[in-house]
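A structural walkthrough
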Amino acid sequence: MTSADASARASSAEASIRRRHVRRLRVWQAGRLGITSFPPAAGAAWHRPLHYWWQAHLLDCLVDAELREPDEERRRLIRAFPRAMWVRNGFRWTNDYYDDIAWFGLALERAGRLGLGDPRGLRVIVDRLAGAWRRDALGGLPWRVGDEFRNAPVMGPAAILFARVGEDFLARRAVDWLRSRLQRDDGLVVDGLRPARPALYTYNQGTFIGALVELGDLAEAERVASAVEAKLTRDGVLVGARGGDGGLFAGITARYLGEAARAGSAAARRIVLTSAEAAWGNRAESADGVFFGHDWTAPAVIPTAAAPLGANQAPNGVTSAAVPERDLSVQLSGWMLLEAAARL
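Cut-offs and rules
Residues numbered from 1 in each chain as written. Predicted model: local features only at pLDDT ≥ 70, side-chain atom pairs only at ≥ 80, totals over all residues. Heavy atoms only, no water. Helix = DSSP H or I, 4+ residues; strand = E, 2+ residues; numbered from the N terminus. Rg over C-alpha atoms; globule rule 2.2 N^0.38 Å. Buried < 20%, exposed > 50% of the residue type's maximum accessible area, 1.4 Å probe, protein only. Contact = heavy atoms within 4.5 Å. Areas by Shrake-Rupley, 256 points an atom, 1.4 Å probe, with all protein chains shown as cover. Lys, Arg positive; Asp, Glu negative; His and termini not counted. Charge placed at Lys NZ, Arg CZ, Asp CG, Glu CD. Salt bridge = Lys/Arg side-chain N within 4 Å of Asp/Glu carboxyl O. Axes fitted to C-alpha atoms, helices over the stretch in contact; angles between N-to-C directions. Parallel < 35°, antiparallel > 145°, perpendicular 65-115°, else oblique. Left-handed = near helix turned anticlockwise from the far one by under 90°. Core = buried A, V, L, I, M, F, W, Y, C linked by side-chain atoms within 4.5 Å. Expected span 1.5 Å × (residues − 1). Arc of directions from axis to C-beta. Pairing = 2+ DSSP bridges. Phe/Tyr/Trp six-rings, centres within 6.5 Å; stacked < 30°, edge-to-face > 60°. Lys NZ or Arg CZ within 6 Å of the ring centre and 35° of its normal.

Comments concerning the overall build of the protein
Check the secondary structure of the protein and you find 12 helices and eight strands. Rg of the C-alpha trace for the protein: 19 Å, near the compact-globule value of 20 Å for 344 residues, within the 12% margin. Here the C-alpha coordinates of the protein stretch approximately 55 × 45 × 40 Å along the principal axes. Looking at the protein as a whole, 56% of its 344 residues qualify as buried. The contacts of the protein with a sequence gap of at least 6 include a subset with a gap of at least 24, amounting to 66%. Summing over all exposed atoms, the protein offers an accessible surface of approximately 13,300 Å²; the carbon and sulfur share of this is 51%. Here the protein contributes 45 positive and 39 negative side-chain charges, whose respective centroids are spaced 4 Å apart.

Set out below in structure tokens:
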């Protein structure tokens, strides 16, 4: 794959997802956010459900595209995006889920580097995360307000965000917490504690690797990337987690593997480029653009509003609502992957 091919593929992903999913915000006409399914579900015109953290990754992908190929129309979209989220989120920057706000903080910080973020929103998020650290014996950040669950989904992105805004002490403390509480002997991190969640999810490895790269722990980042390649890929391709929130997992992993690859990780580079070839090779195309599969090793399905779908698209009797490719999360994952490949 040449650099021109990689860029063209990422551009195709962007154009398709913006055409299908980006819609004007009814309560503020200048703002646009993503609708969470295509074909649209009931409530889409009002961006219901909002899926706060999916919107964060949409903004992150738009920043990826702007870095790849600057465009004034996209810059206007990015510039208005933080305020659109603030308005749609009830004139608040945060919600009750600390992992959600860490993701949006990361997107705001990256947009801010282009002069297109909102420093007020970023400061609110960083302060909220910094103030949430538990002072009990377990320590760490809770998953959400009023919850005792401590997990990698919040600690990983929070560590990256702390590092990027210059809060190195907090970043190091978060990474040390992950090492001492959730990291296995093979380098991979399990999901969480209190209650214990020994499950392995790709995106938790991705954010751990991303935090290690930010802190300069490149040898450990390579070790974890090698463990991901050995245990969480199929023929070198990152495994998927179907639709819903899981649709974002592989793409997030690819994003931070891309960061590790640019820092010199050979394993990370192999995973990103192999996964990108598989996702592109198994894409589906229609008049609505390209669709990426929830499993990059298998042909993607084109969701339709009709039910059941044709046998050539999905098993008989499966309706479009049950097709993971309908979810914005799944499509963003493919887009993230292709942007990571293009940057390599």
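Moving on from the coordinates now.
Details of the pattern of salt bridges
Taken as a whole and assessed by the stated rule, the structure comprises 35 salt bridges. Here Glu 277 makes a salt bridge to Arg 9, at a shortest N to O gap of 3.4 Å. Pair noted here: Glu 277 is in helix H11 (residues 266–281) and Arg 9 is in helix H1 (residues 3–21), with a separation of 268 residues, a long-range link. By relative accessible area, which is 35% here, Glu 277 ends up partly exposed.

Thoughts on the packing of helix H10 (residues 249–262) against H11
Contact geometry for H10 and H11: axes closest at 8 Å, N-to-C directions at 135 degrees. The angle between H10 and H11 places the two elements in the oblique class. Taken as a pair, H10 and H11 cross one another with a handedness that is left-handed. Residues Ala 254, Leu 257, Gly 258, Ala 260 and Ala 261 of H10 touch H11, and the partners they reach there are Ala 268, Arg 269, Ile 271 and Val 272.

A word on the nonpolar core
One recurring pattern in soluble globular proteins: nonpolar side chains tend to sit buried together. Core analysis: the largest hydrophobic core is formed by 103 residues, its most contacted members being Phe 104, Leu 129, Ile 209, Leu 332 and Trp 335. Among residues more than four places away in sequence, those in contact with Leu 129 are Tyr 98, Ile 101, Ala 102, Leu 141, Leu 161 and Phe 162. Counting residues in each nonpolar core, the second largest holds five residues, with Phe 38, Ala 284, Phe 291 and Ile 302 among its members.

A short note on the environment of Val 63
Mapped onto the fold, Val 63 is located in helix H2 (residues 52–68). Residues Val 63 and Arg 74, 11 residues apart in the sequence, show an inter-C-alpha distance of 8.9 Å. Those residues in contact with Val 63 that lie beyond four places of it in its chain are Ile 78, Arg 110, Ala 111 and Leu 114.

Notes on helix H7 (residues 168–181)
Here H7 contains 14 residues, and its C-alpha end-to-end distance of 20 Å stays within 8% of the 20 Å for a straight helix at 1.5 Å per residue. Among the residues making up H7, those that are buried are Leu 170, Ala 171, Ala 174, Val 175, Trp 177 and Leu 178. For H7, the arc enclosing every buried residue in end-on projection is 150 degrees, short of the 170-degree limit, so these residues lie on one face. The outward face of H7, more than 90 degrees from its buried face, is lined by the exposed residues Phe 169 and Ser 180. In the core, the buried residues of H7 are packed alongside helix H5 (119–130), strand S3 (150–151), helix H6 (152–164) and helix H8 (202–214).

Re unusual backbone geometry
For residues besides glycine, phi is generally negative; the peptide bonds are generally trans as well. The omega torsion of the bond from Phe 38 to Pro 39 falls at 0 degrees, within 30 degrees of zero and hence cis. A cis geometry characterises the amide bond from Arg 48 onward to Pro 49, with omega recorded as -5 degrees. Take Pro 49: it is sitting in the loop between strand S2 (28–34) and H2. Of note, the phi angle at Asp 235 is positive, near 55 degrees, even though the residue is not glycine. By the secondary structure assignment, Asp 235 is in the loop between strand S5 (233–234) and strand S6 (237–238). Despite not being glycine, Arg 242 has its phi angle at roughly 60 degrees, a positive value. Considering the arrangement of structural elements, one finds Arg 242 in the loop between S6 and H10. In this structure Arg 242 comes out as partly exposed when scored by relative accessible area, which is 47%.

Remarks on the pairing of S2
A regular strand places its side chains so that they alternate between the two faces of the sheet. When strand S1 (residues 22–25) meets S2, the two strands line up antiparallel, connected through four bridges. Its bridge partner being in S2, Val 22 is matched across the sheet by Gly 34. The hairpin turn running from S1 into S2, its antiparallel successor, is two residues long.

As for the packing of aromatic side chains
Summed over all chains, the structure comprises 11 aromatic pairs. Taking 6.3 Å as the distance between ring centres and 45 degrees as the angle between the ring planes, the aromatic pair formed by Trp 53 and Tyr 203 counts as tilted. Of this pair, Trp 53 sits in helix H2 while Tyr 203 is found in helix H8, placing the two residues 150 residues apart along the sequence. There is no split in this pair, since Trp 53 and Tyr 203 are both buried. Note on Tyr 203 and Phe 249: the rings are 3.9 Å apart at their centroids and 5 degrees apart in plane angle, and the pair reads as stacked. With Tyr 203 in helix H8 and Phe 249 in helix H10, the pair connects residues that are 46 residues apart, well separated along the chain. Exposure remark for Tyr 203: the relative accessible area of 9% places this residue in the buried category. The ring of Trp 86 has Arg 83 sitting right over it, with the charged end atom 4.6 Å from the ring centre. The ring of Trp 133 has Arg 173 sitting right over it, with the charged end atom 4.0 Å from the ring centre.

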